[in-house]
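Structure assessment
What follows is each chain in one-letter form.
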Amino acid sequence: MRYRDDANLDTSDVEDRRGIGGGAIALGGGGLGVVGVIVLLLVQLLGGGGGDGSSGQGQQAGVLEGLGSGQTATAGDLRQSCRTGADANAKRECAVVADIESIQDYWAGVLGSRYTRSDTVFFSGSTSTGCGAADSGMGPFYCPADAKVYIDLSFYDELRTRFGAEGGTFPDAYVLAHEYGHHVQDLLGTSAKVPAGATGAKGGSVRLELQADCYAGVWAEHAETVPDASGAPLIQDITQQDIARALDTAARIGDDYIERNLGGGAVDPNSFTHGTSAQRQQWFLTGYRSGDPRRCDTFAVADLG
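Okay, so let's go over this structure. (Residues numbered from 1 in each chain as written. Predicted model: local features only at pLDDT ≥ 70, side-chain atom pairs only at ≥ 80, totals over all residues. Heavy atoms only, no water.)

**Describing the packing of helix 4 (residues 92-111) against helix 6 (residues 169-188)**
Viewed as axis vectors pointing N to C, helix 4 and helix 6 meet at an angle of 40°, and their least axial separation amounts to 9 Å. Note on packing geometry: the crossing formed by helix 4 with helix 6 is right-handed. The residues of helix 6 that touch helix 4, namely those facing Arg92, Ala95, Val96, Asp99, Ile100, Ile103, Gln104, Trp107 and Leu111, are Thr169, Asp172, Ala173, Leu176, Ala177, Tyr180, Val184 and Leu188. Looking at side-chain class alone, the contact of helix 4 with helix 6 contains 12 nonpolar, two polar and three charged residues. (Axes fitted to C-alpha atoms, helices over the stretch in contact; angles between N-to-C directions. Helix = DSSP H or I, 4+ residues; strand = E, 2+ residues; numbered from the N terminus. Left-handed = near helix turned anticlockwise from the far one by under 90°. Contact = heavy atoms within 4.5 Å. Nonpolar A, V, L, I, M, F, W, Y, C, P; charged D, E, K, R; others polar.)

This is the structure in structure tokens:
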């Protein structure tokens, strides 16, 4: 996947807090889930820091990704760093900016006046949210209390180095598209119908997560045709290898994979919050192959795959 070199990037949907400390782990939803939080915290405590600093598929870490403790970023810094599609092709942080723009432009086109744009917050280590204090160990997540997506960009390194995912530009976008799927659910009232703590292989939490995967697939199907402010598509050249890498990522963040390979080894379907690897792949493909959000009603089927 590539971005149109001469595209003008819009950074207005990103709030950059990197270098600003926060607190403990939030209790918000949409991230890796309780199992993922525990596993990542154990990895961090027992194995030390995260990632090798590389961004994958030829991208370099942006200058803002090297912020140290006590250093902060500003909206102006991000605008300066991420001006064009060429910047997105060169730097991960700018690719994420472009992904956010495309994903939100797609849903705004589909939902019209029902869609309200949601900021993504870049943070490093920890930050405060409407759902409480958040830690990078919980992975990217959507907080319905303030309607924002939160991500520590080092998570993309964790996917490769800890979870064993192939990674890459398009899988990075899939992760964000999934979180914005939760925003769509929030706007449509779907999330409100699922009680907190609804775990289990057929529970409401799993159905929400699989629907968000499906919504990510729907966006992926349309990504090469979603116009930016100029009227031309921002994203180009999504290949079958890109899709395969996204499916590989989906497999690495299934409940069964995490419990078997990064947890204690025993798989307990009663604890599932996000669905199995196979289910996450299946529902992403359902969205991608159909390109139709109406095909993503995971609440209307008895068999989730």
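Don't stop here, the text continues.
**Describing the nonpolar core**
Grouped together as the largest cluster of nonpolar side chains are 63 residues, with contacts concentrated most on Phe122, Tyr156, Phe170, Trp219 and Phe284. Elements that contribute at least two residues to this core include exactly helix 4, strand 7 (148-151), helix 5 (155-161), helix 6, helix 7 (204-222), helix 8 (240-252) and helix 10 (277-290). The element contributing the most residues to this core is helix 4, with 10 residues. Discounting residues that sit within four places of it in the chain, Phe122 has contacts with Val14, Glu15, Asp16, Arg17, Arg18, Leu78, Glu93, Val96, Val97, Ile100, Ile151 and Leu153. Phe123, Ala134, Cys143 and Tyr150 belong to the second-largest nonpolar core, a separate cluster that totals eight residues. (Core = buried A, V, L, I, M, F, W, Y, C linked by side-chain atoms within 4.5 Å. Buried < 20%, exposed > 50% of the residue type's maximum accessible area, 1.4 Å probe, protein only.)

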